[in-house]
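As a plain string of letters, each chain reads:
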Amino acid sequence: PLLSVPVAYHHRPKDTPDPALRKLAQVVSLAGRCADVFVDENAASAIADVRAALKRDYDITEGDADALLDDIGKRTREVAPLFEIALGNSSNFEAILKKANEALVDLTLRTQQQAVTLKEQNVALKQAATTDALTGLSNRATFDQFANDALASAVRDGTPLSLIMMDVDKFKSVNDKYGHPTGDAVLKAVAKIFRSAARATDLAARFGGEEMVLVLPNASRSTATAVAESIRRAICAKPINTGTVALPISASFGVATYDKDSPLKLPAHLLKAADLAVYAAKHGGRNCVRVFSLKPAAKAA
């Protein structure tokens, strides 16, 4: 039992039934890991395990642990000839440690590179999940979440929030006459102008088709109207070069605003109001800005 029990339980020393033999099983387990240092192709993990076990179980420092392993290597070289065992350089701990350190440095560099690559992949995945692939604006799901959160904050804090909806005028005729690649080029160019008007706290998104929306937290009706007008002028200032043809493009805008006296207390309310304002702009001759209002005079306009 003095030999067989520790050997039998050296993979799980804590389970050794006889407490008197448990320490021996622990020593045999450690001895096996020490042997791995001299036989494993990659000894770095074995060295780390031996250092950790010696520190944990015997309070032996890393330097003393390495000295112990070096001593094991030297004593092994002394005794090996008695058993007619040719060791070569496998028992030279200094050489093993040097190789292990080189492997550890290489592993650290590869791990760091993998971490960088993983971070870049996560950023790319997040962007793909939140961004419209064609225009580079935020997608509809991102807009929905942002609008919900922004409006909830506005209601809670008593601050205004405005929504601008834009619809490219006669976009179907562009696709029909010049083809979808040209239509896509128009949307990309318009989206670039649209996005440039957004502040750091705003969100510009593609709502669907040729419709785009801009959420402006803490922006009054007059501020949002001025922003919409500046975008409108920038779009129609000069023809858009699609690569094959330069096309004069315009857009119609609708503005809706939540403030403390507004009944528009849900994102769906703001969207509907902005959509009605766009509808008014379309029927008012296109290429203009209309502001939603519950006042009859404003409706007639």
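Use the structure listed above.
Residues numbered from 1 in each chain as written. Predicted model: local features only at pLDDT ≥ 70, side-chain atom pairs only at ≥ 80, totals over all residues. Heavy atoms only, no water.

Caption draft 1: Looking closely at the pairing of strand S6 (residues 251-258). Counting buried positions along S6 yields eight of eight residues, so the element is predominantly enclosed. Side chains Ala-251, Phe-253, Val-255 and Thr-257 project from S6 onto one buried face, and the interleaved Ser-252, Gly-254, Ala-256 and Tyr-258 project onto a second face that is buried too. As paired elements, strand S1 (residues 161-168) and S6 share eight bridges and run antiparallel to each other. Bridge assignment links Asp-167 to a residue of S6, and that residue is Ser-252. Relative to strand S7 (residues 289-291), S6 runs parallel, the two being bridged by three bridges. Following the sheet pairing, Phe-253 is matched in S7 by Val-289. The β-α-β motif built from S6, the intervening helix H10 (residues 267-283) and the parallel element S7 has left-handed crossover chirality. (Buried < 20%, exposed > 50% of the residue type's maximum accessible area, 1.4 Å probe, protein only. Helix = DSSP H or I, 4+ residues; strand = E, 2+ residues; numbered from the N terminus. Pairing = 2+ DSSP bridges. Right-handed = clockwise from strand over helix to strand, strands pointing away.)

Caption draft 2: Region of the structure containing the nonpolar core. In terms of nonpolar packing, the biggest core is built from 28 residues, with Ile-164, Met-166, Val-190, Phe-194, Ile-249 and Phe-253 touching the most fellow members. Every element with two or more residues in this core is listed here: S1, helix H7 (171-178), helix H8 (180-196), strand S3 (211-217), helix H9 (221-236) and S6. Within the second largest apolar cluster, 23 residues are counted, among which are Met-165, Tyr-258, Leu-271 and Ala-274. (Core = buried A, V, L, I, M, F, W, Y, C linked by side-chain atoms within 4.5 Å.)

Caption draft 3: The arrangement of the sheet that holds S7 in detail. On the basis of which strands lie adjacent, the open sheet formed by five strands has the order S2-S3-S1-S6-S7 and mixed pairing. The open sheet is flanked by strand S2 (203-208) and S7, the only strands paired with a single partner. Neighbouring strand axes in the sheet, compared pairwise and without regard to direction, differ in orientation by 20 degrees on average. Strands in contact with H8 are S1, S2, S3 and S6; relative to S3, the strand with the most contacts, it is inclined by about 10 degrees. Across the face of the sheet, H10 comes into contact with S1, S2, S3, S6 and S7 while running at roughly 145 degrees to S6. (Axes fitted to C-alpha atoms, helices over the stretch in contact; angles between N-to-C directions. Contact = heavy atoms within 4.5 Å.)

Caption draft 4: Quick peek at the environment of Ala-204. Tracing the sequence through the fold places Ala-204 in strand S2. As a C-alpha pair, Ala-204 and Ala-103 span 101 residues in sequence and 49 Å in three-dimensional space. Sequence-distant contacts of Ala-204, defined by excluding residues within four places in its chain, comprise Leu-137, Ser-138, Phe-194, Arg-195, Ala-198, Val-213 and Leu-214.

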